[in-house]
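Okay, here's what each chain looks like letter by letter:
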Amino acid sequence: MSWLRRHLLLFAAVAVLLYMLIPNVVVAVFSFNDPVGRYNYTWTEFSTRAWTNPCGPQGLCDSLGLSLRIGLIASLIATVFGTMIAFALGRYRFRARSGTNLLIFMPMATPEVVMGSSLLTLFLMMGVSSGGLAITIAHIMFCVSFVVVAVKARVATLDPRLEEAAADLGANPPQTFLRITLPLAAPGILAGALLAFSLSFDDYIITNFNASPSSITFPMYVWGAAQRGAPVQVNVIGTVMFIAALAIVLVSQLLTSRRRRAAA
Amino acid sequence: MPAWSTWSSMAELAVLSGGTARPPVRRANWVPYALLAPGLLWLAIFFVAPMLTLLSQSLQEGSVEAGYTFTANWQIYVDALQKYWPQLLRSVGYAATATVAALVLSYPLAYYIAQKAGRWKNLMLVLVVAPFFTSFLIRTLAWRTILSDTGPVAEFARATGLTDLLQALALTNNDSLLSSKFAVIAGLTYNFLPFMILPLYASLDRLDRRLVEAAGDLYATPWQGFRHVTWPLSLPGVVAGTLLTFIPATGDFINSRLLGNTQTVMVGQVIDAQFLRVLDYPLAAALSFILLVMILALVSTYVRRAGTEELV
Amino acid sequence: MAQHGPGDLELIGLTKSFDDFTAVEPMDLTIPQGSFFALLGPSGCGKTTTLRMVAGLEQPTAGQILIGDTDITNTRPHQRNVNTVFQSYALFPHMSVMDNVQFGLRRRGDKDAKRKAQEALDLVELGHAGRKKPNQLSGGMQQRVALARALVNRPDVLLLDEPLGALDLKLRRQMQIELKRIQQEVGLTFIHVTHDQEEAMTMADSIAVMNAGRMEQLGDPAALYENPSSTFVANFLGQSNLLAAHVTGTAGDGRLTADVHGHEVLVDAGRVPAGLRDVWLGVRPEKLALGEGNGVNELKGTVSDASFSGVATQYLVRMPWGMDLTVVQQNDGSARARLGDAVTLSWDPGHEFVLDSAQDEDAGVEHVVVDG
């Protein structure tokens, strides 16, 4: 009994982790399903057909490519903008500071459905046609704030004396920025960029408001497929993404810890 | 691990911690403004301006075919509220329930990772963010499989009487877990859990364990130590996490659409349908605006009550 | 400005004020090239601000900074041939030790950076550690890297901002000797900011004592110790017994008589500022002898406290008027007094210093001992 009590917290933690991970397991398992009918919701029999032909369903891989392209462009631009703002906030004193903070905070406090619909009204009024460009513009908009937060958290922990030391050792301001500030802020910038990419790649609601029939992103494809019955290949791609990302994280962790050990 | 600490501090959103760092004095010049310009301009054009066009759209009358004219038709707000107050109220109710559920589920996990996990810490953090790596639509669809009437979860719930309990609480769809209030709220909770766990983890990770030990040394029982030391010190994470969960959950319509029924329609679903299928732009715009104002009012009251007025 | 050399650092009316308070009052100071100079004072006295102005990290409100004949007041930090060893070392965490040390040379395009950096590392006895990252080194090693990183540039002036503050006592003593050796070896001007008076006296050729933004006294360590010009310096540099005294007359032999709570004592006339009558008569604890007395300057009291520290014993002796005098007796084999013993204290005329009694007797007393 006391053993149970002592490990109660552990059981709770593991249970919540399971709650979080079970859908991923289900997605992976059902990527090997061979469903009867259109809906891949109940288990029928084992098959690797979807894995051997991942681009089988029409439009699936096109939508994946579009999402990757939009994700890359949007996260790149949002990262540049967001990093610049984060440095201004973290390194300078200026008027309009609280206004800037508010402007950064607002998109995070606004439901996606409001942002998506309001952009639609703007584009309608300006006569901008829906499609890839409109989607990219929208994604940059909602990603900037998250990049600012990620980078600012890192910039705030940077010791300003390191920059002073660089200046003291003869580095001019651009050199100081390139050799000291930027490398030290890099983890925050990278985290911001990754977050921006995953937000963009995974966005359905805002995208849906600004998409045209010729600009179907991956989440839109999944949504549409869910109405008609999702092909098993969707599970394949979900599983591949999951495993690839997990592998990247684990390998990078392994490398950093090994490098640390080697250097010690 | 630097990578994870940035992940979590990022997730903390600095909604609360951002104001703490005092930037060094630099000679006031054009540099900060040049740094701010592109990003803020982008937000001004594609975030602020759309809010204004949204407001303007809501006050216009007409149709897609015949075009719209501005008539300052404030009546639309009254109509929208009269017609859709159940959906608005339901959205807030579902989101609040999901937020509380997420907090209750997240706290033990975040606490365990931050204070007890030791060398498993990084692995557990990876597992927490791992679901992010699969499209959330796909994962939400997976819940249809998990909760389906013939699945093991439904059978377990029936066997243990859980279904009866939920049915008594009017959370189920007859005796089915799927397409029910329960499924929608569980889906919302599930979808935003990482947004709750990471800020909680960040603030609990910073917590100095010696403070809890000191409380114990000063005769606090474990519960009192939690109540008077751990919990207050984790409040920034609690506030950030609840905001990060509540705001998107209120506007969400994926879960209610995929896991709910006609009795669980949330306001996001209505806005989506009015905009993209009914094509009643003024009504949809008015509803969007009502939703926004409602959330901002709730959030600012909440943040003020939580004792921090520092946004971002 | 009497004689100044080509590489002397000269501060002329250097001032720094922030919004509502003055951190550094107008200060004039010349630091000769090649000297080991200490800026000593309690925290908040303005010594670090002064250092940061010399480094260029803080813009002076008024005044000038010259190296030789060159005015560097308005140059940016990276344009000055001045380097700093920061209090927290400020080693770049993402670079190896070697890259840290080479950083300054590289910025100036030195072709020989690698060899020079290796030499500098050898000088601080870290020649083997070049490939490590700073966080893999101990505090003492990091300190030496920071020193090498500054030294390698051969600056006109090397600034040290409490560089030993983070080290434990033993390591600090060791580094003090090391620093002094290196300074003599390279012959650069060192300006060392510290709140540790013992450290300043051990290392510096001359010391400027600062208090509340002002320079209280400037001189070599012995002169400051033997002849402090204010109660602040008397108390901040070592310990002092300050006796309220009144000059009563002359006693021949270049001496004056003075009254200390009804006891007549002799005072070296040369040590009494002209015209002063009511004075603080200062005697250092080690100048007081415990025992027989010398027949001239004698005070009787009772031992109220004794603490043995190995090399010496420190006593507190209660005077009839209630004051405790501190006495330090070397552990030279002479008999030790015990608590409650009636004892006679004496000192030789000329071993005292004399200050105006208008000064605060408690100025500079460290109520809380910060120093380990």
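Let me sum up the structure you'll find in this document. (Residues numbered from 1 in each chain as written. Chains lettered and ligands numbered in written order. Predicted model: local features only at pLDDT ≥ 70, side-chain atom pairs only at ≥ 80, totals over all residues. Heavy atoms only, no water.)

## Brief notes about the pairing of strand E2 (residues 67-70) of chain B
Residue and element names in this part refer to chain B.
- Bridge analysis of strand E1 (residues 60-63) against E2 gives 4 bridges, and the strand direction is antiparallel. Within E2, the position partnered with Gln 60 by the bridge is Phe 70.
- Hairpin connection between E1 and E2: a loop of 3 residues separates the two successive antiparallel strands. (Pairing = 2+ DSSP bridges. Helix = DSSP H or I, 4+ residues; strand = E, 2+ residues; numbered from the N terminus.)

## As for the pairing of strand E13 (residues 263-268) of chain C
All names here are of chain C.
- In terms of strand pairing, strand E12 (residues 255-260) meets E13 through 6 bridges, oriented antiparallel. Bridge pairing in E13 places Val 260 opposite His 263.
- The loop that links E12 with its antiparallel partner E13 comprises 2 residues; one of these, His 261, has a positive phi angle of about 45°.

## Quick notes on the pattern of salt bridges
- Per the stated rule, a full pass over the model turns up 21 salt bridges over all chains.
- Note that Arg 52 of chain C is salt-bridged to Glu 58 of chain C, the shortest N-O span being 3.0 Å.
- Look at Glu 58 of chain C and you get buried, because its relative accessible area is 18%.
- Linking Arg 115 of chain C and Glu 119 of chain C is a salt bridge whose minimum nitrogen-to-oxygen distance equals 2.5 Å. With a gap of 4 residues between them, Arg 115 of chain C and Glu 119 of chain C both fall in helix H3 (residues 113-123), about one helical turn apart.
- The class of Arg 115 of chain C is partly exposed, set by a relative accessible area of 41%.
- Connected via shared salt-bridge partners are Glu 164 of chain A together with Arg 52 and Glu 58 of chain C. (Salt bridge = Lys/Arg side-chain N within 4 Å of Asp/Glu carboxyl O. Buried < 20%, exposed > 50% of the residue type's maximum accessible area, 1.4 Å probe, protein only.)

## Notes on the packing of helix H7 (residues 132-157) of chain A against helix H9 (residues 173-202) of chain A
Residues and elements named next belong to chain A.
- Contact geometry of H7 with H9 gives a least axis separation of 8 Å together with a crossing angle of 155°. Judged by the angle between their axes, H7 and H9 are roughly antiparallel. Here H7 and H9 pass one another in a crossing that is right-handed. Along the contact surface, H7 presents His 139, Phe 142, Cys 143, Phe 146, Val 147, Ala 150, Val 151 and Arg 154, while H9 presents Leu 184, Ala 185, Pro 187, Gly 188, Ile 189, Gly 192, Leu 195, Ala 196, Leu 199 and Ser 200.
- Broken down by class, the residue content of the contact of H7 with H9 amounts to 13 nonpolar, 4 polar and 1 charged. (Axes fitted to C-alpha atoms, helices over the stretch in contact; angles between N-to-C directions. Parallel < 35°, antiparallel > 145°, perpendicular 65-115°, else oblique. Left-handed = near helix turned anticlockwise from the far one by under 90°. Contact = heavy atoms within 4.5 Å. Nonpolar A, V, L, I, M, F, W, Y, C, P; charged D, E, K, R; others polar.)

## Some details on the packing of aromatic side chains
- Counting across every chain of the model gives 28 aromatic pairs over all chains.
- Taking 5.4 Å as the distance between ring centres and 65° as the angle between the ring planes, the aromatic pair formed by Phe 87 of chain A and Phe 177 of chain A counts as edge-to-face. Of this pair, Phe 87 of chain A sits in helix H4 (residues 60-91) while Phe 177 of chain A sits in helix H9, placing them 90 residues apart in sequence.
- Classification of Phe 177 of chain A by relative accessible area gives partly exposed; the value is 34%.
- Summarising the aromatic geometry, the rings of Tyr 107 of chain B and Phe 226 of chain B are spaced 5.6 Å apart at their centres and angled 85° between planes, so their arrangement reads as edge-to-face. Residue Tyr 107 of chain B is located in helix H3 (residues 75-116), and its partner Phe 226 of chain B is located in helix H10 (residues 222-251); the two are separated by 119 residues in the primary sequence.
- An aromatic cluster is present here, built from Phe 81 and Phe 123 of chain A together with Trp 42 and Phe 46 of chain B joined pairwise through their rings.
- For the cation-ring pair, Arg 107 of chain C lies above Phe 103 of chain C, with the distance from its terminal atom to the ring centre recorded as 4.5 Å.
- Over the ring of Phe 92 of chain C we find Arg 149 of chain C, and its NZ or CZ is 4.7 Å from the ring centre. (Phe/Tyr/Trp six-rings, centres within 6.5 Å; stacked < 30°, edge-to-face > 60°. Lys NZ or Arg CZ within 6 Å of the ring centre and 35° of its normal.)

## Looking at empty space enclosed by the protein
- Following the criterion strictly, the structure yields 6 cavities of 30 Å³ or more and no others.
- Lining of the largest cavity is provided by 13 residues; of these, Asn 40, Tyr 41 and Asn 235 of chain A together with Leu 141 and Ala 142 of chain B occupy positions nearest its centre.
- Broken down by secondary-structure element, the contributors of at least two residues to the lining of the largest cavity are helix H2 (8-30) and helix H12 (232-263) of chain A together with helix H5 (136-146) of chain B.
- Classifying every residue of the lining of the largest cavity gives 10 nonpolar, 3 polar and no charged. (1 Å grid on protein atoms, 1.4 Å probe; cavity = no way out; pocket = protein on both sides within 12 Å on 5 of 7 lines; lining within 4 Å. Points joined across faces, edges and corners; volume = space filled by probe spheres on them.)

## Description of a nonpolar patch on the surface
Residue and element names in this part refer to chain A.
- The grouping of Trp 3, Leu 4, Leu 8 and Phe 11 at the surface amounts to a nonpolar patch, some 410 Å² of accessible area in total.
- Secondary-structure elements contributing two or more residues to the nonpolar patch are helix H1 (2-6) and H2.
- Along the chain, Leu 8 turns up in helix H2.
- For Leu 8, a relative accessible area of 53% translates into the label exposed. (Patch = residues over 30% accessible without salt bridge, like charges linked within 9 Å, V, L, I, M, F, W, Y side chains within 5 Å. Areas by Shrake-Rupley, 256 points an atom, 1.4 Å probe, with all protein chains shown as cover.)

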